[in-house]
Amino acid sequence: MGVGSENTESTSVHNGGCKEEIELTLKPSLNSELVVPEDGNHATSGRETWSRRLEFVLASVGYAVGLGNVWRFPYLCYRSGGGAFLVPYLVMLFLCGIPLLFMEFAIGQYTRLGPVHALAKVCPLLKGVGLATIVISYVLSTYYNVLMTWTLYYLFNTFGSALPWQSCNNTWNVLANCSTGFPGNSTDLQSASQQFFDRRLLKMTRGIEDLGGLRWELFGLLILAWAIVYLCIFKGVKSTGKVVYFTATFPYFILFALLINNVQLPGAKNGILYFLTPVWGKLLEVQVWVNAAAQIFNSIGVSFGSMISMASYNKFSNNILRDTWIVALANSATSLFAGIVIFSAIGYMAHIHNLPVDNIATDGPGLVFVVYPEVLSTMPLSQLWSALFFLMLLCLGLDSQFAMVEVAVTSIMDGFGPRALRVLKRKEFVVLVVCGVGFLLGIPHITQGGIYVFQLMDHYTAVVSLMFLAFFEVLATCWLFGVGRLSCLVERMLGKPPNIFFRFCWMVASPLLVLCILISSVVQYTPARYGKTYRYPLWAEVLGWFISLVSIVWIPLGALHELCSHKGSFLQRLKVSVIPTLELDMVHHLPEKGQADTPETVSLFPTAPSGPPHSGPSSSV
């Protein structure tokens, strides 16, 4: 923190074809520690990194591969044309999912910042997009951990003398309308599994108007779920990177074991064929293409900020292109694989009850907390398979939860690190506060009417808000920041620019697809529902839109703040506000022992002018 003179010099840097005039400013380091990666390509101050590249890949795969791969994709696939659905799904994957994941990895790894500050440097005018992604991820985490609570409840109930959802001879069953199998089209009967979910786990009321009392068993399990999350992430990527070796790989062993078991069951082949048989006429329906695109966004996790956050802990020259392909293809392959596993079991259930497959198949929590437990209860060694299945769900959910909570912690430490540590002393306490607030916000979901709150939150967060955030993130990065600058960042990290496929997708395909999805989501908007009959009252719908605005509102507020922070006419302010302010800290020479650290700041892009013009040369791309 000593005072020294600043020496500036104009230097032309050529890096694999990306040539720009950059301004080298030599100044004393304000950080006490200078971390030099093993590859020697980049040095940065104080920020932790993944111990191994494999940890980053596993954490990213674990985040992408979540509960949606098990309950959302299989249902969408068979409802949207079976094998024919793979056509729009793969089109959206290659034109939208993979390019935008590569884009987020590039922004995170280059800036080494969380989404709030990274996107503010990419496009100051839309700096609110970064904060919006944090808000939507954190809101999602508050009710996503409720799913982990339900999973723990089922997991612990597999260790009894018999599976409690296997029969109607329990205190919570209503014998008059309880069926030990699937009731088919009967509207008067409920399966024993459905009654366990409704009457034992949830003890649900008739609607959101009556939240009822707190479910104390779930209250304790919610504490346990958040405690598991905290213990896995409180040391940052150093602890998360070790946990994902188990949580990201264990589900695959269970899926393989379930597949081997299921394909031997009668009717399994019919279920798989029902899942994969193409109905080509479905390709003419616009909604099928919208469903495919929405599934890609929700599954890969684009626009939630988590991928930017995790990539920010990479070494500067990490091969994110290779990691992008691994994460995206692993996610899609897992979705297809999980669909085969699920529908082989559903085919078996349809066979033993002599019912059509579509009478049993459903989506959402009903598939993994009602249908599949019922299927497992009819198998040999049912308790073992049930325990393994819910342990698999727990691992799938925890990986996603780690990333959603970590992105909030990363952004707090990036923006308020010194001030937060002055109050809370250690980063571990910052993580504890984040988890504690998330626990408190999750309490309404574990009341007797909590399932209605859960459904309302999920509809307006994961469906409505996400598309707005995705559009503005793509607008900020691909069009305002520009494909040329984005390509230059990739070239500086990887040594070569992205190929024409990625540049085309960033410039044309991805933004237009996202815009089409947004328009279709607005035009085809439907109010939230629970089940087939319950409709939310008007005040609940208003509350749902307020939940959506909690994240979306930061985009116009951020733009307004940025415009008001500059002087001049509106057009002058607007022009200044879209100028990126990205900087790259590099080390011109490593200091010898005993000397002060003196890294150079290489300014790749001009910053918004806030004072007299600088006498030195300006940077350009």
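Fair warning: this is a prediction, and the values are worked out from it, not measured in the lab.

Per the secondary structure count, the protein includes 22 helices and eight strands. Looking at the 621 residues of the protein, the share that counts as buried comes to 56%. Expressed as a percentage of contacts within the protein between residues at least 6 apart in sequence, the contacts between residues at least 24 apart total 80%.

It is worth spelling out the state of the cysteines at this point. Here is the idea: a disulfide is a covalent bond, and it sits between the sulfur atoms of two cysteines. The tally for this structure, following the rule as stated, stands at one disulfide. In this model Cys168 forms its disulfide with Cys178; the gap between the sulfur atoms is 2.0 Å. On the sign convention where negative is left-handed, the bridge of Cys168 and Cys178, at about -80 degrees about the S-S bond, is left-handed. Taken together, the positions of Cys168 in the loop between helix H6 (128–157) and strand E3 (178–179) and Cys178 in strand E3 put the pair ten residues apart, joining distant regions of the chain. One exposure class covers both Cys168 and Cys178, and it is buried. In this structure Cys505 is a free cysteine whose sulfur lies 8.4 Å from that of Cys96, the closest cysteine sulfur available.

So, on to the environment of Thr240. Topologically, Thr240 is positioned in helix H9 (residues 237–247). With sequence-adjacent residues up to four places away left out, Thr240 is seen in contact with Cys232, Ile233 and Phe402.

So, about the side chain of Glu473. Looking at the element boundaries, Glu473 is found in helix H18 (residues 450–494). Among residues more than four places away in sequence, those in contact with Glu473 are Met103, Glu104, Val129, Thr133 and Ser303.

Before going further, it helps to examine the confidence of the model for the protein. Across the protein, the average pLDDT comes to 82, with 85% of residues at or above 70. Of all helices and strands in the protein, the one with the weakest mean pLDDT is strand E8 (residues 600–603) (35), whereas helix H8 (residues 216–233) scores best (95). With pLDDT under 50 throughout, residues 1–17 is counted as low confidence; its partners more than four residues away or in other chains account for 39 contacts. Considering only residues more than four positions removed or in separate chains, one finds that residues 19–45, a stretch of pLDDT under 50, has 89 contacts.

A few words on the packing of aromatic side chains. By the definition in use, this model includes 43 aromatic pairs. With a centroid separation of 5.3 Å and an interplanar angle of 50 degrees, the aromatic rings of Tyr525 and Trp545 are classed as tilted. Linking Tyr525 in the loop between helix H19 (500–523) and strand E5 (529–530) with Trp545 in helix H20 (residues 538–552), this pair joins segments that are 20 residues apart in sequence. Looking at Tyr525, the relative accessible area reads 30%, which means it is partly exposed.

Oppositely charged side chains can pair when the atoms bearing their charge come close. Within the structure shown, the criterion is met by nine salt bridges. For Arg53, the salt bridge is made with Asp323, and the minimal N-O distance between the two is 2.6 Å. Separated by 270 residues along the polypeptide, Arg53 in helix H1 (residues 53–64) and Asp323 in helix H14 (residues 320–353) bring together distant segments of the chain. Note on Asp323: relative accessible area 0%, which makes it buried. Put simply, Glu428 and Lys235 hold a salt bridge, and the shortest N to O gap is 2.9 Å. Placement of the pair is Glu428 in helix H17 (residues 427–442) and Lys235 in the loop between H8 and H9, with a sequence separation of 193 residues. For Lys235, a relative accessible area of 39% puts it in the partly exposed group. By sharing partners, the salt bridges in this structure join Arg200, Arg215 and Glu217 into a single network.

This part is about the nonpolar core. Counting 183 residues, the largest nonpolar core has Trp150 and Phe297 as the members making the most contacts within it. At 23 residues, the largest contribution of residues to this core is made by H18. Not counting the four nearest positions on each side in its chain, Phe297 is found in contact with Cys96, Leu100, Val302, Ser303, Phe304, Leu466, Met467, Ala470, Val514 and Ile517.

At a minimum axis separation of 7 Å, helix H5 (residues 115–122) and H6 run at an interaxial angle of 160 degrees. By the angle between their axes, H5 is roughly antiparallel relative to H6. Judged by the twist between their axes, the crossing of H5 over H6 is right-handed. Here Pro115, Val116 and Leu119 of H5 come into contact with H6, specifically with Val129, Gly130, Leu131, Thr133 and Ile134.

In this section: the packing of helix H4 (residues 86–111) against H14. Direction vectors running N to C along H4 and H14 enclose 145 degrees, while the axes themselves pass 9 Å from each other. Like other packed secondary-structure pairs, H4 and H14 cross with a definite hand, here right-handed. Taken together, the residues of H14 that come into contact with H4 (itself represented by Leu86, Tyr89, Leu93, Phe94, Ile98, Leu101, Phe102, Phe105, Ala106 and Gln109) are Ile320, Leu321, Asp323, Thr324, Trp325, Val327, Ala328, Leu329, Asn331, Ser332, Ser335 and Leu336. By residue class, the composition of the contact of H4 with H14 is 16 nonpolar, five polar and one charged.

Structurally, the position occupied by Met204 is in the loop between helix H7 (192–202) and H8. Sequence separation of Met204 and Gly450 is 246 residues, and the distance between their C-alpha atoms is 7.6 Å.

On to a nonpolar patch on the surface. Residues Trp479, Leu480, Phe504, Met507, Val508 and Leu512 make up a contiguous nonpolar surface patch of roughly 510 Å² in combined accessible area. Of all the secondary structure elements, the ones that give two or more residues to the nonpolar patch are H18 and H19. Here the nonpolar patch takes four residues from H19, the largest share from any one element. With relative accessibility at 44%, the residue Phe504 sits in the partly exposed group.

Its place among the elements puts Glu48 in the loop between strand E2 (18–26) and H1. Sequence separation between Glu48 and Lys315 is 267 residues; the distance between their C-alpha atoms is 9.5 Å. Setting aside its immediate chain neighbours within four residues, Glu48 contacts Arg112, Lys235, Gly236, Val237, Lys238, Tyr313 and Lys427. For Glu48, the side chain forms a polar contact with the side chain of Lys427, separated by 3.0 Å.

This paragraph deals with the side chain of Ser303. Tracing the chain through its elements places Ser303 in the loop between helix H12 (286–300) and helix H13 (306–311). On the basis of relative accessible area, Ser303 is assigned to the buried category, the value being 1%. With residues near it in sequence (within four places) discarded, Ser303 still touches Glu104, Thr133, Ile136, Phe297, Leu466, Leu469, Ala470 and Glu473.

Spanning twelve residues, H1 covers 17 Å between terminal C-alpha atoms, matching the ideal 16 Å at 1.5 Å per step. Here H1 lies mainly inside the structure; ten of its twelve residues are buried.

About the cut-offs
- Residues numbered from 1 in each chain as written.
- Predicted model: local features only at pLDDT ≥ 70, side-chain atom pairs only at ≥ 80, totals over all residues.
- Heavy atoms only, no water.
- Helix = DSSP H or I, 4+ residues; strand = E, 2+ residues; numbered from the N terminus.
- Buried < 20%, exposed > 50% of the residue type's maximum accessible area, 1.4 Å probe, protein only.
- Contact = heavy atoms within 4.5 Å.
- Disulfide = S-S within 2.5 Å.
- pLDDT = per-residue confidence, 0-100.
- Phe/Tyr/Trp six-rings, centres within 6.5 Å; stacked < 30°, edge-to-face > 60°.
- Salt bridge = Lys/Arg side-chain N within 4 Å of Asp/Glu carboxyl O.
- Core = buried A, V, L, I, M, F, W, Y, C linked by side-chain atoms within 4.5 Å.
- Axes fitted to C-alpha atoms, helices over the stretch in contact; angles between N-to-C directions.
- Parallel < 35°, antiparallel > 145°, perpendicular 65-115°, else oblique.
- Left-handed = near helix turned anticlockwise from the far one by under 90°.
- Nonpolar A, V, L, I, M, F, W, Y, C, P; charged D, E, K, R; others polar.
- Patch = residues over 30% accessible without salt bridge, like charges linked within 9 Å, V, L, I, M, F, W, Y side chains within 5 Å.
- Areas by Shrake-Rupley, 256 points an atom, 1.4 Å probe, with all protein chains shown as cover.
- Polar contact = N/O pair within 3.5 Å; in protein donor to acceptor, adjacent residues only side chain to side chain.
- Expected span 1.5 Å × (residues − 1).

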